[in-house]
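Listed here are the chains, written in short residue letters.
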Amino acid sequence: MWRIVKLTLQYRWHFGIAALFAAVTSVISLFVPKLLGEGVDEALTLIEGGTASRGDVESLLLGTGLTVILFSALRGTTGFAQMFLGETLSQRVSNELRMLYFDKLQVLSFSFHDKVHTGQLMSRGLSDIEGVRGFVQSGLVQIVRVVIVIVAAGVFMAMIDLQLALLSLSFVPFMVYRSARLRLQLRTTWRKIQDALGELTTTMQENLAGVRVVRAFSAQKYEEAKFDVTAREVVDLRMSAARTHAYGGAAISFAFLVAWAVVLWVAGEKVIDGELTIGQLTQFFFYLALLRFPVRMIVMIINSTARASSAGGRVFEVLDIPSEIDNNAAAQPLDVTEGTVRFDNVSFSYGDAPALRNISFEARKDHTIGIVGAPGSGKSSITNLIPRFYDPTIGTVSIDGTDLRDATVLSVRQAIGLVEQDPFLFDGSIKDNIRYGDVDASDEKVVAAATIAQIHDFIESLPDKYETELGERGVGLSGGQRQRVAIARTLLTNSPILVLDDSTSSVDAGTDARIRLALKELTMGQTTIIIAHRLDSLRHADEIIVLDNGEIIERGNHDDLLVLNGHYKNLWDIQRGRGVEEGD
Amino acid sequence: MSTTSNNFSSKQDPKGPKRKRPANAEEEHAKLNESDEEMFAQLDSTVFKRFFYYASPYKKAMLVATLAVIGFTLANLAVPLLVKFGIDNAIRQDDSSLLAIIAISLVGVAGLYWFTNFLQNVLITRVALTVLYDIRGDMFLQLQRLAMSFSDKTPIGALMARMFGDVGALQEMLESSIDIIGDFLTLFGIVVILLVLDVQLALVTLALVPLLFLIRIVWQPFARRAFLRMRRNSSVVGVYLDQNVSGIRVVQALNRQEENHGIMGGKVKTFFWSSIRASRLGGVLMPTVELMTGTALALVLVVGGGRVLSESIEIGTMVAFLLYVQRFFEPIRTLTMHYALLQRAVASGHRIFELLDIPLTVNDKPDAKPIGDIEGRVEFNNVTFGYDPERPILKNISFVAEPGQTVALVGPTGSGKTSITALAHRFYDVQEGSITIDGQDIRDVTQMSIGGVMGMVLQEPFLFSKTVLENVSYNTHNATREDVVAACKIIGAHDFVMQLENGYDSTLEQRGTNLSVGQRQLLSFARALVADPKILVLDEATANIDSYTERIIQDALKKLLEGRTALVIAHRLSTIRNSNKIIVVREGEIVESGTHDELVDSTGLYSQLWQTNYTSFDDIAKNADDISDVPKGST
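Since this is a predicted model, take the numbers as computed values, not measurements.

Q: Hey, could you run me through the overall build of chain A in this one?
A: Scanning chain A from terminus to terminus reveals 20 helices and 12 strands. Evaluated residue by residue, chain A yields a buried proportion of 54% over its 584 residues. Sequence-distant contacts, at least 24 apart, represent 80% of the contacts inside chain A between residues at least 6 apart.

Here it is in structure tokens:
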């Protein structure tokens, strides 16, 4: 909660002026009842005294009337300024929060993104930040106004009659008490609602993403039931929030109206006793009428505060996660001379499960290292360690002798071009996707990269060629085409170290071979690490590493490994389509 | 996000579903994205009718809520009247006892106010939430039914936004609808009371109202446009955020953080300025209304004061007038606010109902029966099918899979294999010919019952973020833990499952990312085994699976296929060789069929392949992928 306030107070001046306008508006609005009451009073004395002429009274009323108009116009203007400033302030704060959140998500490590569901991150980034905005707008600025209206009305009323003023404000302590309770109750409920909504989002998202499984198992009923349970829960929670809210709000209004009754009674007696004039009584009622505003507002403020403190909590939770991969203080930009990647006795685990054990190898310039292994044997862990998406648990990964932990993250990633098996393409044109890593790349470079990746001809066959839009409103690409666009995207960055993580798995063998050939010409001076299950892709590697269960069990070039007659040979046979018979 | 939705058909048959189906989907999509402005042009009654349809089961609650609103409004309006009465009849007549009575009745009014206020809010929230719950449920159902064709094109993020954002907008509107009714009643009540109290003064005061309406008419279009622009810009920010979360690996690998920060900053800034413009336009009404109120007060003071002087009205009446005038303009202002809300809700309602109204292409016949116990004979009779009927993907496909037989479908990328399997499961309906199971046309039986007898293993195994146990026993409600373990042992998944932290109770991460693709594949085999269907449709995932576990998979497959009729999209010669029948498909037609030995002896495509000793059948058409994916005529 305080962090939102602190964030808001960064815009000290903005907030100050907004609050000032709120104060001015409140005070001006209090003058209107005073004028009206005095108007009534003076008219009455004149009538009753019978001394003044009708004309005098009328001109007096006219004067008061004009002043009322003037004050109303003034109040409207300052009120507008206050509202406008409040809203812009809330936008500034929420936008700042939005950017902070965005930046944080961009730097958070993969282990975070693996664990936290996209739906959860989205609901925080959209509705929770919106909740915070609502609070700054209708909470922070308005609370200033509520307090000032109450205090100033109290002062004005006390100037007329202290006893009556106290009676008029008798509902305030009750209101404060109820609001505090309401805030507490609502806060817990809002948190629950937000969590339940997050869960609903997740259910929904998985259901849509896995729609084919759902269909294949005729599990629609089951999924519906699952969705229903969560949706019901959301309804129930919201209902209980609404009940608390409505009850609290109604109770405050009740107390307020009772204050009216008390004032009417006591003040009425005073008028009868001649201690108070009718005009003063009228004034009191006008002040009370004005207090309707804070009474109405306070419930809204409480609600938005409660929502914001839980929503803000959810946003700050993400902002406060320390990124596991961070530059250490003495980090220097990496200076790539040779492009030698070295694993020295590297062990690594995700959480408790060990993924790699004692891995050592070296990949040099102009060389290609191939990595094969069973699913879960640790191949992808190796590719995750090279661009420092994770840090090794034991041992070091180094490039040209520099431990990656001593280099800046940026410089390491710049040195490495990584293509993944299931690449993500962004909404936008093909061209923008290819030059994602180098926005200023010339068209020639884009075409060259696409040509090597064997996707140029396909792109040219599209009606809009390189300007073809991908994604929501655009063309859907097949898995193989996406992989090839991703290869082009990485090639464009021209990194000295190239890591291909099963990046041609969906490309047919012929095209794969042509990509490999084109790469071979291009990769003069580059270090290449290829992970593949199709052994054909690795045949020409200088060294092939066979992984099993996180350990290296065989290594050597293709011919060596065949001679060894071990795992690799076995695998090779299977892939040639003859292994099964022999195995049977 | 679009990655998942693309995968099913992408490997084998990218062009079919992707290129042609959109003839429909794209249209639907275009409709859904129709500009909001156009929708506003016609605040058409259909949306409201639909609301009432959904609200009709809750008539009683709504009736009570309306009564509560009326009570609430009366209580609200009674206060100034009581004050007037107190001043004129008690205070000015020095009648203390009457004053006490009036004060006590004011407390009574306060009680009424409390009760009705609470009641109306709770009731209307309940109705709003339940109606929205119903609508959301219907959307979920509809999306499930549509998702096959629809979500290939529309990213899940957009669908979700519709489901949450639009439904949220409706909810807000419904909840504030009670305030809208209350405001109208208050306006109406005030006008009546003022006229009753003093016609002349009332007419003078109300003379200002038309002026206010005039101002609103001029203001409305500007505000609406600004408001819409703000909303659009806000959704642009949301979409960009979504893209970055989904593509985070690429962002980090290519060091785009700085660049993206700038882009996001730009989008946020655009949003900021449009929201400022909108709030300026929204706020400008405020001084106007204030000025009106002030003028009205002044009028009451001057004109009313004059009438008090001439003793046409009592002083209390004038006070009541002043109090009412203050209340009068308040609803007018909030009505403005609510109007914006209403517009938004109508746009949202449009989008929601449009989604709900998309006709389903595959429906149960009214007299459809469950398929019953079957032997498992699957027959395609002269089947012709295209996602776009103009461009058939399959032409005159006929074949039979006898009970217990394994039929391998082979052919180059894009030949139509995936479409054959999709048709067998009736994801789509054929245009010509028929598909029968044990002689029953699958269009004559319920879709649910087909799911009961036919299992499916997809090339891209999808796992839910639940435990291994829940994933393997997915939708097989009577499966015990022992069944799951037994199936995993048969399949060869038991060992790696036991290595997970909590064994079978380990929760899988989003889409099973804590497992390798091969492991996921094995779990999906186990899932099919537990479901134990008579007929199995299997898309062999060799393209994605690691050859290393090839043997485990091969063994598992053999066990899985035992005693079942199977349609297998096969890539590996070993799988193909072991099948009872091989059907070679090319460009949507069957070019050869027979056993391995028969086909090898012939001189067809199959034997050529066999000679060349390729590892995979996908290799035959090197460029099939390229040529066929051109989205002709789309853009």
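Q: I would appreciate a short explanation of helix H18 (residues 481-491) of chain B in the present structure.
A: Since one α-helical turn is 3.6 residues long, residues separated by three or four positions face the same way. All names here are of chain B. Residues of H18 that are buried include every one of Val 484, Ala 487, Cys 488 and Ile 491, and no others. Burial along H18 is one-sided: seen end-on, the buried residues are contained in an arc of 100°. Directly after H18, the chain includes Gly 492, whose backbone phi takes a positive value near 95°.

Q: Please explain the sheet that holds strand E3 (residues 406-410) of chain B as it appears in this structure.
A: All names here are of chain B. With respect to topology, six strands assemble into an open sheet ordered E6-E7-E8-E3-E9-E10, the strand pairing being mixed. The outermost strands of the open sheet, each flanked by one partner alone, are strand E6 (454-457) and strand E10 (589-594). Here the strands of the sheet are splayed against their neighbours by 15° on average, with no regard to which way each runs. Where E6 and strand E7 (residues 535-539) come together, four bridges link them in parallel fashion. Bridge assignment links Met 456 to a residue of E7, and that residue is Val 537. The strands that helix H15 (residues 417-424) touches are E3, E7, strand E8 (565-569) and strand E9 (581-586); relative to E8, the one it contacts most, it runs at about 150°.

Q: Help me out: how do you make sense of the sheet that holds strand E6 (residues 416-419) of chain A in this one?
A: Within a sheet, neighbouring strands are paired by backbone hydrogen bonds and run either parallel or antiparallel to one another. Residue and element names in this part refer to chain A. An order of E6-E9-E10-E3-E11-E12 is seen for the six strands of this open sheet, with the pairing classed as mixed. Each having just a single partner strand, E6 and strand E12 (551-556) make up the two edges of the open sheet. Along the sheet, successive strands turn relative to each other by an average axial angle of 15°, direction set aside.

Q: Explain the nonpolar core here, please?
A: Nonpolar side chains tend toward joint burial in soluble globular proteins. Counting 249 residues, the largest nonpolar core has Leu 257, Leu 264 and Ala 488 of chain A together with Val 300, Val 319 and Phe 321 of chain B as its most contacted members. Discounting residues that sit within four places of it in the chain, Val 319 of chain B has contacts with Val 40, Thr 282 and Phe 285 of chain A together with Val 83, Lys 84 and Ile 87 of chain B. Val 445, Val 453, Ala 487 and Val 537 of chain B belong to the second largest nonpolar core, which has 76 residues in total.

Q: Help me out: how do you make sense of helix H14 (residues 443-452) of chain A in this one?
A: Residues and elements named next belong to chain A. Turning to H14, its buried residues number three or more, namely Val 446, Ala 449, Ala 450 and Ile 452. In an axial view of H14, the angular spread of the buried residues amounts to 160°, which keeps them on one side of the axis. Away from the buried face of H14 by more than 90 degrees, exposed residues Asp 443 and Glu 444 are located. Following H14 by one or two positions, Gln 454 has its phi on the positive side, about 60°.

Q: Quick question: what am I supposed to make of the environment of Leu 112 of chain B here?
A: Residue and element names in this part refer to chain B. Tracing the backbone through its elements, the reader meets Leu 112 in helix H7 (residues 96-150). According to the C-beta neighbour criterion, Leu 112 is partly exposed, with 18 such atoms within 10 Å. The spacing of Leu 112 and Leu 74 is 38 residues in sequence and 9.2 Å in space, taken between C-alpha atoms. When residues no more than four places from it in sequence are discounted, the contact partners of Leu 112 are Gly 71 and Ala 75.

Rules used throughout
- Residues numbered from 1 in each chain as written.
- Chains lettered and ligands numbered in written order.
- Predicted model: local features only at pLDDT ≥ 70, side-chain atom pairs only at ≥ 80, totals over all residues.
- Helix = DSSP H or I, 4+ residues; strand = E, 2+ residues; numbered from the N terminus.
- Buried ≥ 20, exposed ≤ 12 C-beta atoms within 10 Å, placed from the backbone.
- Contact = placed C-beta atoms within 7 Å.
- Arc of directions from axis to C-beta.
- Pairing = 2+ DSSP bridges.
- Axes fitted to C-alpha atoms, helices over the stretch in contact; angles between N-to-C directions.
- Core = buried A, V, L, I, M, F, W, Y, C linked by C-beta atoms within 7 Å.

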